[in-house]
Structures are given as structure tokens and as C-alpha cells.
Amino acid sequence: MRKTIAERIFHIRYAIRELVPLAKQLEARGEKIIYLNIGDPLKYDFDTPGHIKEALHKAVLEKHNYYSLSQGDPELREAIAYKEKTWHGVEIDPSDIVVTQGVSEAIGFVCAVLLNPGDELLVPEPSYPLYNVYPQLYGAKSVVYQCSEENDWQPDIDDIREKITGKTKGIVIINPNNPTGALYEEKTVKEILDVAAEHSLVVISDEIYDGIVFEGTFKSTASLTKDTPVIVLNGFSKTFLMTGWRLGYLYIRDPTEKYREDLLQAFIKMARCRLCAATPIQKAAVAALRGPLDHLTEMIKKLKERRDYVFKRIKENSYLSSVKPKSAFYIFPRIDVQGTWKNDRDFAEKLLLEEKVLIVHGSGFGKVGKNHFRAVFLPPTPILEEAFNRIEAFIKKHKKQ
């Protein structure tokens, strides 16, 4: 069978869902699992705003059930341009926007357009797994640059400089960050842009959590660039509570005007190959962007309270330590004791089997994640309390004396 399947498939790893089949087996036996692995607010006590649901229903009834333009519905692209201007001060033309089926598809588009076999893409470590998966699928290579846990998981600019070679095509920024919850300093983003400009590189900026910030101020990379082409990836899943709707977008901000048209046409070619994103959902997304944001205020309030509770629990636990997340809804604790588990992957699996708590092993986000794990703080506080009680009990039981 291995000869039948393309070799590239055997290199794919997606840690976030790796232990889900085991969790489902346990549930089938009657066990109740506490899921802290996936960044989906709608699995907990959050819901898509009513006016967005109503807009989808209306779109279907009004017969917006046809193929839309591959680049995206014109009205939606206008609404996205307005959002980027009013939220982030970024002036873009709607024609520079391509609507995608989630940010995941946008990542695939970027890698398909930029990377030839043998090329390199600089990605942060720890990093969202798809930034390592997609380059491999196109015969290229992701080269990691370090983010410093001692410096609140900020990117190491010197390490970025050292990793650039003649094969490097671009630098990825994930800000706000998954898996650490870090919010990058404006100075840091500007320094990355400067390094990219020195070497004629494109910066790819993943900004899907732009609306979920607890402390500090988020600055879009596109608002800070002076002479560096930036491809911004964003979407509706997190900020607008539309995870299962699978809708995202990318846009190009190129002050040099050297690359914009070629990049745009390449992205549109990719978009044509899969026809279009779902038309009724695009119509509903217009309502999301133009409607009230009351849900976001309430969401941030709830998440901040839950973040504070989880961080407090970790600070009080002599076996764990963590940088306090300033954004998104993830925390990335370090396991500060040795135990009977072989590694962080084994830690996560045994925790699931014994205590029925599902987390993601830190090394699934890169080698720097060794002896860490990622957990969401999306559930209500009583569920988080139970989960961390079980985590603490597990560590106490298995730690080496």
C-alpha cells in the first residue's frame, strides 16, 4: 500500500487533532472527555451572532446559491477593505483581496504561489503546524526561527537574520500568536520588515486573532510596512465565531508595487482551481463585518477571566510555568518536572488515558515546544478548574522523586 500512496502524505503531521481518535474511542466506552485541544469557541459556551445566522438564512432564501467569483464576492471584498481600514488603518483596494475557504486554504495558496522545490520559508517556532506541512507538500522546506520564551515568546531577530539563505522566499509572522498567545511588539514587527526588505523577501502575516486581545495593542503588519511586500492572512472563524463556516481571506499590501500584480494574478489562478468559497456564507460575512460587535466585547471579557484563572492555577503549581498570554485563547505551559512519561507526546497521551483531559503536546508546534503543552482556555471556569485539578493530580502521580 505504501507504494500506492504518494510519499508526501507520510510526512504530514497535525498535532492538534492527533489524539482525537483516541479521545473518541474513550467516549464510545462511556468516558467523559474534557477537550482543551482545539481552538473552536463554538464547542463551548460561545455562539455565532444572531444577525450573521439570519443573514445566511436570508442569502439562501434569496437564491444566492450559485458559484460566485473565484476571487470572492465583490460586496464582501469591499466590506473586508473597509474593515482593514477602520480596524487597522490599512488602505487596500478590494481588487487586492482574495476570499478563501478559511485561513488554512490561504496558507496553501501562499506556499503554492511562492515556493518551488528546494525553496525555504522562514517560520516561527513554536508555530501553527500547517506552516511546516504545506512547504513540504510543494517540495520546499520550512526553516524555523526561534521565539524566546524568556522574552514573552517574541521573535528572535538575530536568529531570523542567521537563517536567511539564497533559497529563502519569505518570512512568516503569526501575530497574535498560536500556540503561545503572544502579542508581538510593534518594534519587533518593524525589525522583521526591515530584515525582509534588506533581502528582498515577502512577509506573510497571519492575523486571524486580530480582534482577540487582552493587553497591549495589535498592529497589523500591513500598517507598518514601508518598503516590504506583505501578504496578510485573516478570516472570520475566531473573531466572528464562524469556525465551521470556513471563510477567510488574504490580501496584498506592496508599497514597492513590484510584486502586487504578479502575486494577485497567481492567487486568483489558485482560487479558480477550486471554483469559489461558499456563496451564501460570503453574503453572511458581509453582515458580520457591517453589523454590531457586541459579541466580541462579551467574548473578550469571558476569555480574559478564564485566561486569568488558568494562569493563576499554573503560577500556583510548582510543576508548571507559563508566559501569560496577551491575546487569542491559548496558553503554552512548560512542564518543569521529570516524570514517568517518555516525552511531551507521551505526557499528553497518558493524561488523556488516565485523566480524560485532551491537550496538545508542545513538540507538535516545533522542537522548542518540547516539555510544553498547549491548552485552550475556552471552557467555562468550572470545567477549567476540573481539568487543571486532573492535570495536577496526574503530574503528582507520575513525577519522579
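In what follows, the structure referred to is the one given above.
Here's what I pulled together on the structure shown here.

Quick notes on a nonpolar patch on the surface
- Residues Ile5, Ile9 and Ile12 make up a contiguous nonpolar surface patch of about 220 Å² in total accessible area.
- Turning to its location among the elements, Ile9 is positioned in the segment before α1 (20–28).

Regarding the pattern of salt bridges
- Going through the model one piece at a time under the given rule, you end up with 36 salt bridges.
- Residue Glu186 pairs with Lys190 through a salt bridge whose shortest N-O separation is 3.1 Å. A residue pair is termed a helical-turn pair when its members lie 3 or 4 positions apart in one helix, as Glu186 and Lys190 do in helix α7 (residues 186–198) at four residues.
- Look at Glu186 and you get partly exposed, because its relative accessible area is 32%.
- Residue Glu392 pairs with Arg313 through a salt bridge whose shortest N-O separation is 3.4 Å. Of this pair, Glu392 sits in helix α13 (residues 381–398) while Arg313 is found in helix α11 (residues 294–315), placing the two residues 79 residues apart along the sequence.
- Residue class for Glu392 comes out partly exposed when judged on its relative accessible area of 23%.
- For Arg313, a relative accessible area of 11% translates into the label buried.

Quick word on the pairing of strand β8 (residues 230–235)
- For β8, the tally of buried residues reaches six of six residues, placing the bulk of the element in the interior.
- Side chains Val230, Val232 and Asn234 of β8 all project onto a buried face; the interleaved residues Ile231, Leu233 and Gly235 project onto the opposite face, where all are buried too.
- Of the pairings in the sheet, the one linking strand β7 (residues 202–206) to β8 comprises four bridges and is parallel in character. If you follow Ser205 over to β8, its bridge partner there is Val232.

Criteria and cut-off values
In every chain, residue numbers begin from 1 and rise along the written sequence. Totals for whole chains, interfaces and linings use every residue, but because this is a predicted model, local features are given only for residues with pLDDT of at least 70 and side-chain atom pairs only at 80 or more, for both listing and counting. As a rule here, side-chain values come from all non-hydrogen atoms in the structure, and water together with hydrogens is ignored. Two distance rules govern patches: like charges are joined within 9 Å, and nonpolar side chains (Val, Leu, Ile, Met, Phe, Trp, Tyr) within 5 Å, applied only to residues with over 30% relative accessible area and no salt bridge. Computed with a 1.4 Å probe, the accessible areas rest on the Shrake-Rupley method; for each residue, only the protein chains presented here act as cover. Salt bridges are identified by distance alone: a Lys or Arg side-chain nitrogen within 4 Å of an Asp or Glu carboxyl oxygen. The helix and strand labels rest on DSSP assignments: H or I over at least four residues marks a helix, E over at least two residues marks a strand, and numbering proceeds from the N terminus. Relative accessible area decides the class of each residue, using a 1.4 Å probe on protein chains only: under 20% of the type maximum gives buried, over 50% gives exposed, and in between gives partly exposed. At least two bridges found by DSSP between two strands are what make those strands a pair.

These figures come from the coordinates and say nothing about function on their own.
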